[in-house]
Amino acid sequence: MESKKLSFNGKFVFRETLRHWPFIAAIAAVYLLTVTGLIGMFPYFDSSAENVVGDVIRQLMDVSQAVSFFMSILVADFAFGYLGSKKSHYFYETLPMNRKSMFVNRFVFGYLLLFIPNFFIAVIEFIQIAFISGEAVIMPLVCWLLIIAAENLFWLTFGTLFMVLCGRKLMAAFCYFAFAGLGFMIKLTFAALNSAMFIGFESSFSDGVIIDLGILSPFEFIYKMDYVSDQNFFSISEYYGAGRLVTVFVAFAILLVITYILYNKRKAEKTGDTIVFPFMKYVFSWCFAFVFSVEFVFLTLGLFFYENDGMAHITSIRIFVVIMMIVFSFIGYMISCMIINKKLNVFKNHLKPSLVCAGVLALFIGLYMHDIFGYEKFVPEVQEVASVRVMGAQFNNDLSYFDHNEKKKVSTKEKETVVKLQQIIIDNFDEVIENYKGIQKEEFDYVDPSHNKKYDHYVNVNENMVYIDFILSNDKHVYRDYYIKPSGKLYEELKAFVNENSDVFKPGDAQKNYYFENAKLDEDIK
Amino acid sequence: MIKVENVTKTFDGFKALDELNLNVEKGSVYGLVGPNGAGKSTIIRHLTGIYRQDSGKILIDGQEVYDNADIKKRIAYIPDDLYFFLNSDMDDMAKFYQGIYENFNMERYNKLLTVITSIDRKKTIRKMSKGMQKQAAFVLAMCLMSDVMILDEPVDGLDPVMRRQIWSLLMQDVTERHVTVLVSSHNLRELEDVCDTVGIMNQGKMLLERSLFSMQEGITKLQVAFKDDNAPQINEDSIDGFKLLSNQKNGSVYTLIIKAPEAEIKAKLQKYEPLLLDSIPLTLEEIFIHELGGEHYGIKEIIL
């Protein structure tokens, strides 16, 4: 039947887009103020096209990722808000359009709201760059436009999924993500104050936790994307260029299919603050409890244990962590129930599931800290390794700083040697754990030569770390760091191993590798 | 034109519609009446394709309505709870509808705005009063040139003059274009002048569905006065063998509602040489009270 077919109504999309012109103008204004405005404030010492483009694109990239996320969520509400508001829902559902077509038309309309300002900004930047540098630069702007267009698609679908699942409960879900993000920001702030404080979970033993949180927190996701974009944006043909584009697009496509299926399964009459699919309540509550508990457990640990033992001491307080997890995941679950039910009195009805959730999450964290999943002791096969990067601490010249730049071809021998190095550490893992426990014993009085300032009981954990970063042939990173005391059996073993393989671990090679490209550039200039 | 067959709809265990049947002839005006919570809005939302029934059929011109764009094109709907875009005026809304409804008549739109002069076409609709918004919704609905108009409490909040004007325009459309109209109200008095057929709903069921003509046919309301020495025997529930539905006496004048055709009862009473014998038009309210005999408490709510 004709009416069941999916049909695109250009007039409908056009009208809807047109009437949202203030929003389009607002997004464009955000870009104009933050990108062109900021750049315009700084004089260009070197106005070559390359430098101007670099500044503009970097700024665009930084701004657009944050803007893309926030605006996409907002636009998802504009486009699919009718699913959560009875009045508008009745209005749209009565229009002569089947539900499939409505989904497509609303999605396209939402996407246009995001794309038009981006396109407009790309044109403005093209003019600005041309004006400053006198050159017409197109390709980097097209690349930016492509990447941001893909990211807009992803985040719009992300927001749409929430609208389909829980209508205006999106806001609650959003709060949850914001909460996760806030936690991350707190961590970052504390980490900035003293990076040693977070060594306990920023590095080895709870590294997995923070990575998992990264998935839950879009803020962290943005932060990571921002990092990779800064490093690799111009290499559109490489992983973080075209590869990233493809990755984001594939993620969008999968998310869109899920969203569309759920949209069609959604009963049309479900509106308002309704969680349409009952399973979502549990997903929401469990996720909320998890994020809430992890954030608060580590925050509490930071507050109570930093001064006395340092966060690196975390392995010796596992029981405390587990108890804290039970308490905070229970509270987190209860708070999620309050958000869902919009009332404070939820204790009695949700006592049992809260306790189950608290128990399971605490057990999970407990098992995680015991490395039951083999995360810490994982050593990749040499054949799997595409590239490797090792950073030894600077406490001794024998284990001097060495770095195989990702761009340098790593030989099989080098790969094998680093795998063996990691294997030695894994074989002495008990000592690594002891090193973590005993980290506070390594305090010493330190004089900062640059400021001529003395620090009592200074603990410079970073200098005692060995970082091993494998890039596997499937582009996955396996990154581990281990605390190695500059004394003891493990240290001696590593020292002997490094000496044995001095052709691989050449002191001073790091400098060469690290500045590999620049050095080459300098030679070319000469 | 509109056919609802054994439709049931349950919301979280609550039966909002219970085996509901409804039938609206093409070109007729159907009044859907019932107290609050009777299920009027629910069936209207089914008829406009918002809800999907659990069981039964909802057909307009022989086709299921739900998710059927072809049928929805032919329906104009004025909901009880109106929705207009933020910051949109009449012209914006008209242009929007024009992009969606192929038959939207711009000429008629302009013409109607010259008739209903109280509407300022450049004023943001959301800033208008409730009554003005109703008028705006009515103008826009009239311009869709639909075959079916479904109106949920359409004149609620309008002043008497505007009500008359709206009904008059609607009736004109029914006469000229044979539009089928289904109009809901919780007040019978609102509908008695315009409806051909009335359906009374209560608790998700159709209590009664009948054309006004057929209902009025068997019931007569009379004002009579007799000479003291030549009067028929008037009991509480009968007069000279006819069933009496209502009996009110004011002085020597009786106001009677009798379950019998007018001609028959008049002929019978003429033999008593009454001093006064006039027939009075029955209100819908009276018909329903006596038809349903007060069995259904919900009826009280629709006539008060």
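Criteria and thresholds
- Residues numbered from 1 in each chain as written.
- Chains lettered and ligands numbered in written order.
- Predicted model: local features only at pLDDT ≥ 70, side-chain atom pairs only at ≥ 80, totals over all residues.
- Heavy atoms only, no water.
- Helix = DSSP H or I, 4+ residues; strand = E, 2+ residues; numbered from the N terminus.
- Buried < 20%, exposed > 50% of the residue type's maximum accessible area, 1.4 Å probe, protein only.
- Contact = heavy atoms within 4.5 Å.
- Areas by Shrake-Rupley, 256 points an atom, 1.4 Å probe, with all protein chains shown as cover.
- Axes fitted to C-alpha atoms, helices over the stretch in contact; angles between N-to-C directions.
- Parallel < 35°, antiparallel > 145°, perpendicular 65-115°, else oblique.
- Left-handed = near helix turned anticlockwise from the far one by under 90°.
- Nonpolar A, V, L, I, M, F, W, Y, C, P; charged D, E, K, R; others polar.
- 1 Å grid on protein atoms, 1.4 Å probe; cavity = no way out; pocket = protein on both sides within 12 Å on 5 of 7 lines; lining within 4 Å.
- Points joined across faces, edges and corners; volume = space filled by probe spheres on them.
- Core = buried A, V, L, I, M, F, W, Y, C linked by side-chain atoms within 4.5 Å.
- Pairing = 2+ DSSP bridges.
- Buried area = accessible area lost by both parts, 1.4 Å probe.
- Salt bridge = Lys/Arg side-chain N within 4 Å of Asp/Glu carboxyl O.
- Polar contact = N/O pair within 3.5 Å; in protein donor to acceptor, adjacent residues only side chain to side chain.
- Phe/Tyr/Trp six-rings, centres within 6.5 Å; stacked < 30°, edge-to-face > 60°.

Caption draft 1: Inspection of the overall build of chain A at higher detail. From N to C terminus, chain A includes 19 helices and 5 strands. Across the 526 residues in chain A, those meeting the buried criterion constitute 52%. Considering only contacts within chain A whose residues lie at least 6 apart along the sequence, 77% involve residues at least 24 apart. For chain A, the exposed area adds up to about 25,100 Å²; of that, 64% sits on carbon and sulfur atoms.

Caption draft 2: Focus on the environment of A:Val390. Positionally, A:Val390 belongs in strand E1 (residues 385–391). Taking the C-alpha atoms as reference points, A:Val390 and A:Arg480, separated by 90 residues in sequence, lie 9.9 Å from one another.

Caption draft 3: Inspection of the packing of helix H5 (residues 99–133) of chain A against helix H6 (residues 139–166) of chain A at higher detail. All names here are of chain A. Contact geometry for H5 and H6: axes closest at 10 Å, N-to-C directions at 155°. One way to sum up the angle between H5 and H6 is to call them roughly antiparallel. The handedness of the crossing between H5 and H6 is right-handed. Of the residues contributing to the contact of H5 with H6, the split by class is 18 nonpolar, 5 polar and 1 charged.

Caption draft 4: Spatial organisation of empty space enclosed by the protein. In this structure the tally under the stated criterion is 6 cavities of 30 Å³ or more. Size it by volume and the largest cavity reaches roughly 280 Å³. Lining of the largest cavity is provided by 20 residues; of these, A:Phe91, B:Tyr77, B:Ile78, B:Pro79 and B:Tyr97 occupy positions nearest its centre. At 4 residues, the largest contribution of residues to the lining of the largest cavity is made by strand E6 (residues 75–78) of chain B.

Caption draft 5: Region of interest: the layout of surface pockets. Within this model, the second largest pocket holds a volume of roughly 680 Å³. What lines the second largest pocket is a set of 25 residues, and nearest its centre among them are A:Arg19, A:His20, B:Tyr83, B:Phe85 and B:Leu86. Elements with a contribution of two residues or more to the lining of the second largest pocket: helix H1 (10–19), helix H2 (21–41), helix H3 (49–80) and helix H4 (86–93) of chain A together with helix H3 (90–100) of chain B. For the lining of the second largest pocket, the residue count by class is 11 nonpolar, 6 polar and 8 charged.

Caption draft 6: Structural context of the nonpolar core. Formed by 146 residues in total, the largest nonpolar core has its most connected members in A:Leu95, A:Trp144, B:Met90 and B:Tyr97. In terms of residue count, the dominant contributor to this core is H6(A) (18 residues).

Caption draft 7: Just the sheet that holds strand E15 (residues 276–279) of chain B, in detail. Residue and element names in this part refer to chain B. Pairing is antiparallel across the open sheet formed by 5 strands, whose spatial order is E12-E13-E14-E11-E15. Unpaired on one side and paired on the other, strand E12 (238–239) and E15 mark the two borders of the sheet. Relative to strand E13 (residues 242–250), E12 runs antiparallel, the two being bridged by 2 bridges. Its bridge partner lying in E13, Ser-238 is registered against Lys-243.

Caption draft 8: Structural view of the interface of chain B and chain A. On the chain A side, the residues contacting the 30 residues of chain B number 26 residues. Between chain B and chain A lies a buried interface of about 2,600 Å² when both sides are counted; carbon and sulfur atoms form 61% of it. Area buried by chain B at its contact with chain A is led by B:Ile50, B:Asp67 and B:Tyr83, which between them contribute 24% of it. At the surface where chain B touches chain A, the tally comes to 1 salt bridge. The salt bridge involving A:Lys87 is made with B:Asp81; its shortest N-O contact spans 3.9 Å. Counting across the chain B and chain A interface gives 5 residue pairs in polar contact (both at pLDDT 80 or more). Contributions of two or more residues to the side of chain B that touches chain A are made by strand E1 (2–11), helix H2 (69–72) and H3 of chain B. The residue makeup of the side of chain B that touches chain A, split by class, is 15 nonpolar, 5 polar and 10 charged.

Caption draft 9: Main features of the environment of B:Asn21. Residues and elements named next belong to chain B. Among the secondary structure elements, Asn-21 is positioned in strand E2 (residues 14–24). Remark: the alpha-carbon pair of Asn-21 and Lys-205, spanning 184 residues in sequence, is separated by 8.0 Å. The contacts of Asn-21, once residues within four sequence positions are left out, are Val-4, Glu-5, Asn-6, Met-206 and Glu-209. Within polar-contact distance, the side chain of Asn-21 engages the backbone nitrogen of Asn-6 at 2.8 Å.

Caption draft 10: Representation of the packing of aromatic side chains within the structure. This structure, assessed with the given rule, holds 36 aromatic pairs over all chains. Taking the centre distance of 5.4 Å and the plane angle of 80° together, the rings of A:Phe91 and B:Phe85 count as edge-to-face. Placement of the pair is A:Phe91 in helix H4 and B:Phe85 in the loop between E6 and H3, with the two residues belonging to separate chains. Residue A:Phe91 shares its accessibility class with B:Phe85, and that shared class is buried. Ring centres 6.1 Å apart and planes at 75° place the aromatic pair A:Phe330 and A:Phe347 in the edge-to-face group. Here A:Phe330, found in helix H13 (residues 318–341), pairs with A:Phe347, found in the loop between H13 and helix H14 (351–369); they are 17 residues apart in sequence, far enough to count as distant.

Caption draft 11: Region of interest: the packing of H1(A) against H5(A). Residue and element names in this part refer to chain A. The contact between H1 and H5 brings their axes to 9 Å, and the two run at 40°. Relative to H5, H1 is oriented oblique. Two packed elements cross with a definite hand, and for H1 against H5 that hand is right-handed. Touching Phe-12, Val-13, Glu-16 and Thr-17 of H1 are Met-102, Asn-105, Arg-106, Val-108, Phe-109, Leu-112, Leu-113 and Ile-116, all from H5. Split by residue class, the contact of H1 with H5 holds 8 nonpolar, 2 polar and 2 charged.

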